[in-house]
Amino acid sequence: MNENDIKAIVAQVIANMQLSDTPAEKRLGIFEDMNDAIAAAIEAQKVMQKMPMDFREKIISNIRRLTIENAELLARMGVEETGMGNVGDKILKHKLLAEKTPGTEDITTRVWSGDRGLTLIEMGPFGVIGAITPTTNPSETILCNSIGMIAGGNTVVFNPHPAAIKTSQFAIELVNRASMEAGGPCNVATSVVKPTLDTSKIMMSHKAIQLIAATGGPGVVTTVLSSGRRGIGAGAGNPPALVDDTADIPKAARDIVNGCTFDNNLPCIAEKEIVAVESIADELKHHLLENGCYEATPEQIEKLAQTVITPKGALNRKCVGRDAKTLMRMIGVEVPSNVRCIIFEGEKEHPLIATELMMPILGIVRAKDIDDAIEKAVWLEHGNRHSAHIHSKNIDNITKYGKAIDTAILVKNAPSYAALGFGGEGYCTFTIASRTGEGLTSAQTFTKRRHCIMSDSLCIR
Ligand code: NAD
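Caption draft 1: Structural context of the pairing of strand S4 (residues 128-133). Across the six residues of S4, six count as buried, placing the element largely inside the fold. Side chains of S4 alternate between two faces, with Val128, Gly130 and Ile132 and Ile129, Ala131 and Thr133 buried alike. The pairing of S4 with strand S5 (residues 155-160) spans six bridges and is parallel. In the strand pairing of S5, Gly130 is matched with Val157. Sheet topology note: the S4/strand S7 (residues 209-215) ladder contains five bridges and is parallel. Each bridged residue has a counterpart across the sheet, and for Gly130 the counterpart in S7 is Ile212.

Written as structure tokens, this is what we have:
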């Protein structure tokens, strides 16, 4: 490396530090008062509404570029601020959202053309959308929501999680920079210096906000769905990975560990427990151990349960999104550096199995046959209708499982992240509307249907 290379790296580091250290009130789109943030987004939406689709697409392509350019910085900020996840996987998540979140191509028109004329269903904007975002994927959700909402012709007011404010505000600034670089308005995405439950209430009750997208745990989704506004509820999951006796067991073990450990198990779609048919359970365990799993002793599991879950039954936030070695260190056990995931066997009711932990601890529940396995997996999903995974070559088993568990996502024979287009077909989102049924949200989710009817004309056949 020569002197110029070193100078360039130092200049980049200083520029990045300046970017990440800008005070909140100086960031584009960030206001002291929630009402001002909403008013600014309303003004920006008036400009957005008049823009041709091509122009929206220019803004979106700038968001994609800025996300890729800042992927490492955003990843580092997220890990530093929340203490959750890991930088390498968060970089991949940002690149994925930049490349695979649908833009304006998702906004399509349905047409009926016949003797009595022409009818179209067009997708129009809601206006200003309110969005509530989580700690687990803070900038990912904001950037992904912004792409889809802007593609639909909306602007957006965010109330991010208070534990991820800095990262979230930086993402909002990038969205505004993307708009201004394309010649568009500032404030296509806005928020407040200090988001709280009170600012969230102001947002939810403002008459200009006709749609609220809530990405988070059960509490926030219930609050939004009780707000009297239309809500998109992207809530909690507890995805089981079912493995039957027809599966390719070495591959199933590899896929499950890769999915479960991605970003230290933060994604809501990630494998949270295994249900294995008895006849292959030992073989599966052998391959899990070959793939960087550590089998904790019953005493260690007892200690982990007491550390991870508070006496009141809540999750200890200091454990969420931590890696396996850190979790084991918390109970005074040093494990080899190649350990990626902690496994143990238990009944489905075990708190470390039944609870959505968001950390690389995988309980294994044995089942006597496929029907028993399906029953246990359905119980463990708790009716969230979010995500479920299966490793099987038996189409009947897969079909039976899919019907019984009825989730927005069902990944077959792949790591869970294939559902987001990472090593699988399809598109990316960080808002999976499990509770309200839209499934993987995209630009069209953030639009209203409009019937446009031309009677007895324009059918030129
Ligand atoms: P969380 O529920 O603690 O917080 C999510 C957001 O909701 C935050 O912005 C928080 O400030 C806000 N919030 C919480 N209670 C609220 C209330 N009563 N009124 C208004 N706002 C409220 O969740 P988290 O820890 O940040 O994220 C993890 C959870 O989110 C997990 O359960 C995970 O499964 C879920 N999640 C779901 C999806 C999905 O697409 N379905 C995506 C990511 C995370």
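Next, the rest of the story.
Caption draft 2: The arrangement of the domain arrangement of the chain in detail. Assigned domains of the chain: these are domain 1 (3-235 + 440-451) and domain 2 (240-424). Domain 1 and domain 2 are separated by 31 Å when their C-alpha centres are compared. Listed as interface residues are 15 residues of domain 1 and, on the opposing side, 18 residues of domain 2. In total, domain 1 and domain 2 occlude about 1300 Å² of area from one another, counting both sides; carbon and sulfur atoms represent 57% of this. Its largest share of buried area at the contact with domain 2, domain 1 owes to Met84, Leu96 and Leu440, together 32% of the area lost on that side. Across the domain 1-domain 2 interface, the total number found is two salt bridges. The residue Asp263 makes a salt bridge to Lys90 at a minimum N-O spacing of 3.0 Å. Counting across the domain 1 and domain 2 interface gives eleven residue pairs in polar contact (both at pLDDT 80 or more). The dominant element in the side of domain 1 that touches domain 2, judged by the number of residues it contributes, is helix H5 (residues 87-100), at six residues.

Conventions we followed
Residues numbered from 1 in each chain as written. Predicted model: local features only at pLDDT ≥ 70, side-chain atom pairs only at ≥ 80, totals over all residues. Heavy atoms only, no water. Buried < 20%, exposed > 50% of the residue type's maximum accessible area, 1.4 Å probe, protein only. Helix = DSSP H or I, 4+ residues; strand = E, 2+ residues; numbered from the N terminus. Pairing = 2+ DSSP bridges. Domains from an automatic or database assignment. Contact = heavy atoms within 4.5 Å. Buried area = accessible area lost by both parts, 1.4 Å probe. Salt bridge = Lys/Arg side-chain N within 4 Å of Asp/Glu carboxyl O. Polar contact = N/O pair within 3.5 Å; in protein donor to acceptor, adjacent residues only side chain to side chain.

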